[in-house]
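Single-letter residue listing:
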Amino acid sequence: MWRPAVKGGGLGLAAISYVVIDYLQYINPTWHDRLQPLLWMFLAIIALTRVPFYKHWSSEFRAALPFLGSMIFMLSALLFEAISVRFVTAVLGLDWHKDTKPLPDTGQWLLLALNEKLPEVVVEILRAHVVGLHHFLMLFIMLAFAVLFDSVKAPGLGIGARYMFTMGIGRLLRAITFVSTILPSARPWCATARFGVPSYPHKWAQKYYVPYASDPTAIRQVINQDIAYADPGEYISDYRPDWGSMSFLIDFLRPTASEGPSWYNLLKKAGGGCNDLIYSGHMLVAVLTAMAWTEAYGGYSSALVWLLVVHSAQREIRERHHYSVDCVVAIYVGILLWKMTGFIWSGNNARKDKRVTKLDKILGRLRHAAKDADMEEVRSLLEEVEIVNQEQPNKGPSRAMFLFGGGIVFSALTIVLLAFTLTSDG
């Protein structure tokens, strides 16, 4: 297992400082507005001062293509997820969302019971908005930047590629899961407040769902006949704008005239959706951040990150953004997916382990040669040791590598700003 060259706890201290200072917005907004810019300025300055002394730009360069490929894959998965989110909200119409009761959730019952048993100060801590989606994203970005200080195994683009690739797989699996069976939201008012879709069902639901939604006789008959036998009558037609080549999305997104002519704006409004989207996307981000932190850095700070994950999970359930099952599934799916993608980047230094194993074999042969006083064999084995230990000459970074490094730092800072902007509303 790889261990950082210098482990002074600086990354953990920076993470704690970030979370604490950001929480000041609820306690003392004035101090929050003063300290947060200072923290980010300080972290940016010390990161920039390390760039000229960073020794792993060549490995970062090799990881650039996998990083870009993982980013494109993740963005494609997020696009598919956004279309699916809008579809499961729109296909049944707003009336269904208003009239359908939330599912019974024993996790919600447990938290309400604990509110009556636990001390008030503990309950208030559990209710506090300590961390959100953007906190976990920022904690991971801080982790990736820690390669500049040799606190995390290089390349930083490698761990970034693994994070985004795993996120992309998780988002695809999530979209496939929640679009397969449409479940009601734990917040029945959500769809009406956030979406402008028609109040009536889409023609697909009018034919295949509505006639068999509640009548036991109709349900039994459709099971026996295995065909949509009921006559749905005349379909209620939807508004159909001219989207050109993207017109195939109209049946999935169900736009209305009041929402404007752009299909892209509809997807931006999707947000977290207003159905139960099993499993929780927020929790997937949180778990992947915790898994990355545990493998790459470890120590007490990783235990703190896992505590933040648990706190975030119970808040998702407490505030009824998700059912308990969504958070539970997201936790074990996130853990399993991270374990499966170690081929992209790993905290285990396999190259070093292989070298140590080879040296151990040479050492055993060297002992036998020394006992036999076989000087030729000893000389030959010492030459093998010299070859194994031979390092590439440590050349200074070229101008191209400096430009590449500057581009990477600039791109990463841009991603930081986008993460703050695009996740400000959760």
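Residues numbered from 1 in each chain as written. Predicted model: local features only at pLDDT ≥ 70, side-chain atom pairs only at ≥ 80, totals over all residues. Heavy atoms only, no water.

1. Considerations on the overall build of the chain
- Counting its regular elements, the chain contains 19 helices and 0 strands.
- The buried share among the 426 residues of the chain stands at 43%.
- Surface accessibility of the chain: about 23800 Å² in total, with carbon and sulfur atoms responsible for 64%. (Helix = DSSP H or I, 4+ residues; strand = E, 2+ residues; numbered from the N terminus. Buried < 20%, exposed > 50% of the residue type's maximum accessible area, 1.4 Å probe, protein only. Areas by Shrake-Rupley, 256 points an atom, 1.4 Å probe, with all protein chains shown as cover.)

2. Points about the environment of alanine 175
- Mapped onto the elements, alanine 175 comes out in helix α8 (residues 156-180).
- Taking the C-alpha atoms as reference points, alanine 175 and alanine 82, 93 residues apart in sequence, are found 8.6 Å from one another.
- Those residues in contact with alanine 175 that lie beyond four places of it in its chain are Phe80, Glu81 and Ser84. (Contact = heavy atoms within 4.5 Å.)

3. Some points on the state of the cysteines
- On inspection of all chains with the given rule, the structure shows 1 disulfide.
- The disulfide that involves cysteine 190 links it to cysteine 274, with 1.9 Å between the sulfurs. Residues cysteine 190 and cysteine 274 are joined by a disulfide whose S-S torsion is about -60°; by sign, that bridge is left-handed. In this pair, cysteine 190 sits in helix α9 (residues 190-194) while cysteine 274 sits in the loop between α13 (263-268) and α14 (281-296), placing the two residues 84 residues apart along the sequence. Each member of the pair cysteine 190 and cysteine 274 is classed as buried. (Disulfide = S-S within 2.5 Å.)

4. Points about the packing of aromatic side chains
- What the rule picks out here adds up to 12 aromatic pairs.
- Plain terms: the ring middles of tryptophan 293 and tyrosine 297 are 6.1 Å apart, the flat faces sit at 75° to each other, and that makes the pair edge-to-face.
- Connected via pairs of aromatic rings, a cluster forms that spans Phe73, Phe165 and Phe343.
- Positioned over the ring face of tryptophan 31 is arginine 34, at 5.1 Å from the centre of the ring.
- Sitting over the face of the ring of tryptophan 338, arginine 162 holds its NZ or CZ atom 3.9 Å from the ring centroid. (Phe/Tyr/Trp six-rings, centres within 6.5 Å; stacked < 30°, edge-to-face > 60°. Lys NZ or Arg CZ within 6 Å of the ring centre and 35° of its normal.)

5. Quick word on helix α16 (residues 324-340)
- For α16, with 17 residues, the first-to-last C-alpha span of 25 Å sits near the 24 Å given by 1.5 Å per residue.
- All of the buried residues along α16 are Ser324, Asp326, Cys327, Val329, Ala330, Val333, Gly334, Leu337 and Trp338.
- Taken together, the buried residues of α16 touch α5 (106-117), α8, α14 and α15 (299-318). (Expected span 1.5 Å × (residues − 1).)

6. Let's talk about the confidence of the model for the chain
- Residues at a pLDDT of 70 or more form 80% of the chain, whose mean pLDDT is 84.
- Here residues 1-7 scores under 50 on pLDDT; set against residues more than four positions off or in separate chains, the count is 18 contacts.
- Predicted confidence for residues 391-396 stays below pLDDT 50, and this span has 1 contact to residues more than four positions away or in other chains. (pLDDT = per-residue confidence, 0-100.)

7. Examining the pattern of salt bridges
- Taken as a whole, this structure holds 9 salt bridges when the rule is applied.
- The partner of glutamate 120 in a salt bridge is arginine 127, and the shortest N-O contact between them spans 4.0 Å.
- With relative accessibility at 35%, the residue arginine 127 sits in the partly exposed group.
- One network of salt bridges, in which partners are shared, links Glu81, Arg171 and Arg174. (Salt bridge = Lys/Arg side-chain N within 4 Å of Asp/Glu carboxyl O.)

8. Some points on the packing of helix α7 (residues 133-145) against α14
- Look at α7 against α14: their axes get within 9 Å of each other, and the N-to-C directions meet at 25°. It follows that α7 is roughly parallel to α14 by the angle criterion. Both α7 and α14 take part in a crossing whose hand is left-handed. Seen from α7, the contacting residues are Leu133, Phe136, Leu137, Leu139, Phe140 and Leu143; seen from α14, they are His282, Val285, Ala286, Thr289, Ala292, Trp293 and Ala296.
- Split by residue class, the contact of α7 with α14 holds 11 nonpolar, 2 polar and no charged. (Axes fitted to C-alpha atoms, helices over the stretch in contact; angles between N-to-C directions. Parallel < 35°, antiparallel > 145°, perpendicular 65-115°, else oblique. Left-handed = near helix turned anticlockwise from the far one by under 90°. Nonpolar A, V, L, I, M, F, W, Y, C, P; charged D, E, K, R; others polar.)

9. Topic: a nonpolar patch on the surface
- A contiguous nonpolar patch, built from Leu110, Leu114, Leu118, Val121, Val122 and Ile125 and spanning about 480 Å² of accessible area, is present on the exposed surface.
- Within the residue set of the nonpolar patch, elements represented by two or more residues are α5 and α6 (120-127).
- Among the elements that make up the nonpolar patch, the one with the highest residue count is α6 (3 residues).
- With respect to the secondary-structure elements, isoleucine 125 resides in helix α6. (Patch = residues over 30% accessible without salt bridge, like charges linked within 9 Å, V, L, I, M, F, W, Y side chains within 5 Å.)

10. Description of α14
- Between its first and last C-alpha atoms α14 spans 22 Å; for 16 residues at 1.5 Å apiece the expected length is 22 Å, and the two agree.
- Taking burial as the measure, the 16 residues of α14 include 13 buried ones, the bulk of the element.
- The opening residue of α14 is serine 280, an N-cap whose side-chain oxygen sits 3.4 Å from the backbone nitrogen of histidine 282.
- Following α14 by one or two positions, glycine 298 has its phi on the positive side, about 70°. (Polar contact = N/O pair within 3.5 Å; in protein donor to acceptor, adjacent residues only side chain to side chain.)

11. Describing the side chain of aspartate 105
- Structurally, aspartate 105 is set in the loop between α4 (94-99) and α5.
- For aspartate 105, which is buried and forms no salt bridge, the nearest opposite charge comes from arginine 320, at a distance of 7.2 Å. (Lys, Arg positive; Asp, Glu negative; His and termini not counted.)

12. Quick notes on the nonpolar core
- Grouped together as the largest cluster of nonpolar side chains are 78 residues, with contacts concentrated most on Leu143, Val152 and Ile159.
- Among the secondary structure elements, those contributing two or more residues to this core are α1 (10-27), α2 (29-50), α3 (57-90), α7, α8, α14, α15 and α16.
- Within the second largest apolar cluster, 8 residues are counted, among which are Ala82, Ile83, Ile250 and Leu253. (Core = buried A, V, L, I, M, F, W, Y, C linked by side-chain atoms within 4.5 Å.)

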